[in-house]
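Summary of the model geometry
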Amino acid sequence: MSHCFVESLNWATVEGEASPIPLPERERVRVLIISSRDGVISTIHELHSRGFAEAGAWSPLLPAPDTGEVMSILMRDRQKG
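So, here is what we can say about the structure in this document.

Looking at the nonpolar core
Formed by Ile33, Val40, Ile44, Ala53, Ala57, Trp58, Val70 and Leu74, the largest nonpolar core amounts to eight residues. Those elements that provide at least two residues to this core are helix H1 (37-49) and strand S4 (70-79). Apart from residues lying up to four places away in sequence, Trp58 is in contact with Val31, Ile33, Ile44, Leu47, Phe52, Ala53, Ser72, Ile73 and Leu74.

Side note on the side chain of Arg76
One can find Arg76 in strand S4. We classify Arg76 as buried; its relative accessible area is 8%. Looking at Arg76, its side chain comes within polar contact range of the main-chain oxygen of Phe52, at 2.3 Å.

Conventions used here
Residues numbered from 1 in each chain as written. Predicted model: local features only at pLDDT ≥ 70, side-chain atom pairs only at ≥ 80, totals over all residues. Heavy atoms only, no water. Core = buried A, V, L, I, M, F, W, Y, C linked by side-chain atoms within 4.5 Å. Buried < 20%, exposed > 50% of the residue type's maximum accessible area, 1.4 Å probe, protein only. Helix = DSSP H or I, 4+ residues; strand = E, 2+ residues; numbered from the N terminus. Contact = heavy atoms within 4.5 Å. Polar contact = N/O pair within 3.5 Å; in protein donor to acceptor, adjacent residues only side chain to side chain.

Rendered as structure tokens:
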């Protein structure tokens with residue numbers, strides 16, 4: 001699976017920095033985890049142990065809208081095709 005994804009070297013932070021210019025041969029993929037603080041952290045570590053993504057590649061924990069939970073997002077670029 002890791003061959004399909006390329007780590008974004010210059011992707012926007014959740015705080016709203018400018019997004020990089022999209023490349024036509026790639027598309028942005030976002031993976032979102034919403035749960036309790038412990039649920040998000042343990043899921044990130046489980047995905048890391050399975051080789052899905054480095055734990056440090058996820059955003060800092062942020063409040064989830066209207067739920068009392070937290071969320072973290074992983075953004076990657078995927079080669080089309």
